[in-house]
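Survey of secondary and tertiary structure
Chain by chain, the residues run as shown.
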Amino acid sequence: MLNEFKLFNGALQEISSSKKLITTLNAHSFNTLKKDAAFREALQASDMLLPDGISVVMAVRLLQDKKIRKIAGDDLFRYEMERVHSNNGKCFFLGSSETTLNLIKERAQKEFPGLQVYSYSPPYKPQFTEEENKHMVDAVNHVEPDVLFVGMTAPKQEKWAFAHFEQLKAGHICCIGAVFDFYAGTVKRAPSWMVNAGMEWFYRLVREPRRMWKRYLIGNTLFVSEILKEKLTYSFGDHNFTSLQ
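Quick notes on the rules
- Residues numbered from 1 in each chain as written.
- Predicted model: local features only at pLDDT ≥ 70, side-chain atom pairs only at ≥ 80, totals over all residues.
- Heavy atoms only, no water.
- Pairing = 2+ DSSP bridges.
- Helix = DSSP H or I, 4+ residues; strand = E, 2+ residues; numbered from the N terminus.
- Right-handed = clockwise from strand over helix to strand, strands pointing away.
- Phe/Tyr/Trp six-rings, centres within 6.5 Å; stacked < 30°, edge-to-face > 60°.
- Buried < 20%, exposed > 50% of the residue type's maximum accessible area, 1.4 Å probe, protein only.

We now examine the pairing of strand β4 (residues 116–120). Inspection of the sheet shows strand β3 (residues 90–95) paired to β4 by five bridges, in the parallel sense. Considered in β4, the bridge of K90 is made with Q116. With helix α5 (residues 98–111) bridging β3 and the parallel β4, this β-α-β connection has right-handed handedness.

Attention now moves to the packing of aromatic side chains. Counting across every chain of the model gives six aromatic pairs. When the centroid spacing of 5.3 Å and the interplanar angle of 90 degrees are considered together, the rings of F30 and F223 count as edge-to-face. In this pair, F30 is assigned in helix α1 (residues 27–33) and F223 in helix α11 (residues 209–236), connecting sequence segments 193 residues apart. Given a relative accessible area of 3%, F223 falls into the buried group. With a centroid separation of 5.0 Å and 35 degrees between ring planes, the pair formed by F93 and F149 is classed as tilted. With F93 in strand β3 and F149 in strand β5 (residues 147–151), the pair connects residues that are 56 residues apart, well separated along the chain. Considered together, F93 and F149 belong to a single accessibility category, that of buried residues. Counting every residue linked through ring pairs, the aromatic cluster contains F77, F93, F149, F180 and Y183.

Below, the structure written as structure tokens:
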């Protein structure tokens, strides 16, 4: 199944400034999309799908014998902020609480003086009403930002961005989830050496074991299992593989 997804393997600078839906794929989202057809559709329809995780990078190497570079949501965020700031543009943060959004604005105004920063905090609930969706779209369209950051956690944020893509008047629409909390400082990100070593998942597991143990210990095992099955299917063909299942 991973072979069905076209992962971006270039430099972020290569992405044109025209309207695009940019999402990320990691082991957790891969496991989720197997059970969520709408999420799968949103990722497959993305203009750019970034390999956000060492597990995905290694899986592509195993399945396709191709080297790709991990591009995390935080990498995308940093690039977009620099890009928009250099053009005296506008950015919009959609998601999270007012407290977190205010912290984001305060930091952004210090690090990127002159950058126009806007935000909207939607209701915290599993699904939005049509009226709530309209308020969110209207808030974004009133600004017409160069970049729209959507932070509602996966798969909610990707499905929302995909469903409303045509209605949104924005440049790059980036689904970056946890980056909101990292940038606001409400959640501490792993040290850079752990990120570079592909060990960020371990840091998050140690920091939040009760919330993350299932995602990483069980989820990563499921991901590896699915990738090995896909490798065997690809290598020996569906007919031979059925006897192994």
